[in-house]
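Chain by chain, the residues:
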Amino acid sequence: MNSRLPAILVTGGAGYVGSHTLVELLAAGYDVVCVDNFSNSSPEALRRVERIAGRAVRRVDGDIRDRSLLDLAFAAAPIEAVIHFAALKAVGESVLRPLDYYDNNVGGTICLLHACRRAGVKRFVFSSSATVYGIPQKLPLTEDMPLAPLNPYGATKLVNELLLRDLCASDPAMSVASLRYFNPIGAHPSGLIGEDPRDIPNNLFPFITQVAIGKRERLSVFGSDWPTRDGTGVRDYIHVVDLALGHVTALRYCARSTGFVPINLGTGRGTSVLELVKAFEEATARPVPYQIVGRRSGDIAECYADAGLALRLLQWRATRDVKEMCADGWRWQQGNPSGYS
Ligand code: NAD
Ligand code: UDP
């Protein structure tokens, strides 16, 4: 199973962001080893990645909290860096099951970092989230703003960041980029991979595509009385392919730097719920019926990135606009009305 070529170990590679990142890593010439327990994904995603890339994905199926499985993964190839996506991500569920979230998201990272240490791997790219900022004190959000997550999911991201920062302080050879994603939406332009929510989608964009395809009757817009330009919530939506490309640039950055750095990955532009609905209707010529309902608990009015640090450090910026996100997300939904199943 061992190959001589150096490879990137990707945890959670079968998931939404992971699968798109695998495609871009393979296109950039990297070899990959994917570790996933498919708790929120399907092996079919990896077959689709192989189809798009025309190259094989090495798989080690199982849980990152399993020490011997991780040792197997690190032995599959000389691992030069790790990209760590594997986590549970449903905010509401994290409130109900905090222990499971800390166990998986923090316990999983600790096991992974022990395995990195055993294998001598020093470069690490972590999937963090804009949710670590909590209620924005000021917009756009810069990386030095106070961190105060509003729920256990966000807290697990913050704990991971603190752990990675402390680890870098203890080991001058370590290099960690903690990528704070804003709101990834859309899909690969091939329409072969995309977001595949298991139940009723919690997030806006997959809900919109499911309404458009007739799986759900109408969208509930959570509040029209927010202090925003049209009263609906504003977020920084980023095309998942732009986000995936951000990981490739972060890997290169880790190869030429040391220490811990948090970096926002967003477009720097805010879009309201109603603006996204309109952009979707224009991009796809499909109506999206909606009704205004009450606010969702724990929501914030507005959130968008200052994406300047990513440009300065990574020479990365998002290039795909909201209409392209809608068109690509719709292609995936239309071609795969039941996701991967
Ligand atoms: P996802 O659920 O689609 O992908 C996560 C993958 O990790 C899944 O394939 C799942 O099976 C796997 N996984 C989970 N726990 C595991 C474990 N213990 N061992 C092995 N595999 C495990 O989620 P995503 O949207 O692709 O998100 C990827 C990462 O980005 C997550 O860390 C998430 O918290 C973070 N993030 C996502 C968003 C978003 O809106 N999608 C925003 C900010 C941050
Ligand atoms: N939203 C909505 N209806 C939905 C899902 C979300 O109106 O069914 C709104 C939500 O209140 C927020 C925006 O859409 O203003 C983005 O929500 P999402 O859950 O996608 O992202 P997050 O709030 O986690 O940034």
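Reading guide: rules and limits
Think of each chain on its own: its residues are numbered from 1, step by step along the sequence as written. Chains and ligands are labelled by the order in which they are written, letters from A for the one and numbers from 1 for the other. Confidence filtering applies because this is a predicted model: local features only for residues at pLDDT of at least 70, side-chain atom pairs given and counted only at 80 or more, and all residues used for totals across whole chains, interfaces and linings. Values reported for side chains reflect all heavy atoms of the structure, with hydrogen atoms and water molecules removed beforehand. Of the grid points, spaced at 1 Å and generated over the protein atoms alone, those admitting a 1.4 Å probe that cannot get out make up cavities, while open sets with protein on both sides within 12 Å along at least five of seven lines make up pockets; any residue with an atom within 4 Å of a point is treated as lining. Grid points are joined across faces, edges and corners, and a volume is the space filled by probe spheres set on the points. Only DSSP runs of H or I with at least four residues qualify as helices, and only runs of E with at least two residues qualify as strands; both kinds are numbered from the N terminus onward. Salt bridges are defined by distance alone: a side-chain nitrogen of Lys or Arg within 4 Å of a carboxyl oxygen of Asp or Glu. Think of it in three bands: with a 1.4 Å probe and only protein chains considered, a residue is buried below 20% of the maximum accessible area for its type, exposed above 50%, and partly exposed in between. Summary of the distance rule: residues count as near a molecule or strand when at least one heavy atom falls within 4 Å of that molecule or strand. Pairs of N or O atoms are called polar contacts if they sit within 3.5 Å, as long as, within protein, a hydrogen donor faces a hydrogen acceptor (for residues adjacent in sequence, only side-chain-to-side-chain pairs). Per-residue accessibility takes into account occlusion by the displayed protein chains alone, with areas from the Shrake-Rupley method and a 1.4 Å probe. For this analysis, a ring pair means two rings from Phe, Tyr or Trp (six-membered ring only for Trp) whose centres lie within 6.5 Å, classed as stacked if their planes differ by under 30 degrees, edge-to-face if by over 60, and tilted for the remaining angles.

**Q** Outline the layout of surface pockets, supporting the account with residue identities and numerical values.
**A** In this structure, the second largest pocket encloses a volume near 270 Å³. At the level of elements, helix 7 (204–212) and helix 11 (322–335) are the ones that each hand at least two residues to the lining of the second largest pocket.

**Q** Lay out the pattern of salt bridges in plain terms, naming residues and giving numbers.
**A** Considering all chains together, one arrives at 24 salt bridges under this definition. Ionic pairing is found between R58 and D31, a salt bridge with its closest N-O pair at 3.7 Å. Here R58 is found in strand 3 (residues 58–61), whereas its partner D31 is found in strand 2 (residues 31–36), with 27 residues between them in sequence. Like D31, R58 is buried. When the shortest N-O distance is used, the salt bridge between E282 and K323 registers 3.0 Å. Taken as a pair, E282 in helix 9 (residues 273–284) and K323 in helix 11 lie far apart in primary sequence, 41 residues in all.

**Q** Please give an account of the site of ligand 1 that cites residues and values.
**A** Residues in close proximity to ligand 1 total 28 residues, the closest being D36, N40, S41, K89 and Y153. One nitrogen or oxygen atom from the main chain of Y16 is found 2.9 Å from an oxygen atom belonging to ligand 1. One of the backbone nitrogen or oxygen atoms of I64 is found 3.1 Å away from a nitrogen atom of ligand 1. Look at ligand 1: alone it shows 820 Å² of surface, and the protein chains cover 95% of it.

**Q** Any chance you could break down the packing of aromatic side chains for me, citing the residues and the numbers?
**A** A full pass over the atoms with the stated rule returns 3 aromatic pairs. With a centroid separation of 6.0 Å and an interplanar angle of 70°, the aromatic rings of F205 and F280 are classed as edge-to-face. Residue F205 is found in helix 7, and its partner F280 is found in helix 9; the two are separated by 75 residues along the sequence. Here F205 falls in the buried class, since its relative accessible area comes to 4%. Note on W332 and Y340: the rings are 5.0 Å apart at their centroids and 55° apart in plane angle, and the pair reads as tilted. For the pair formed by W332 and Y340, the shared burial category is buried. Ring-pair connections join several aromatic residues into one group, and the members of that group are F205, F280 and W330.

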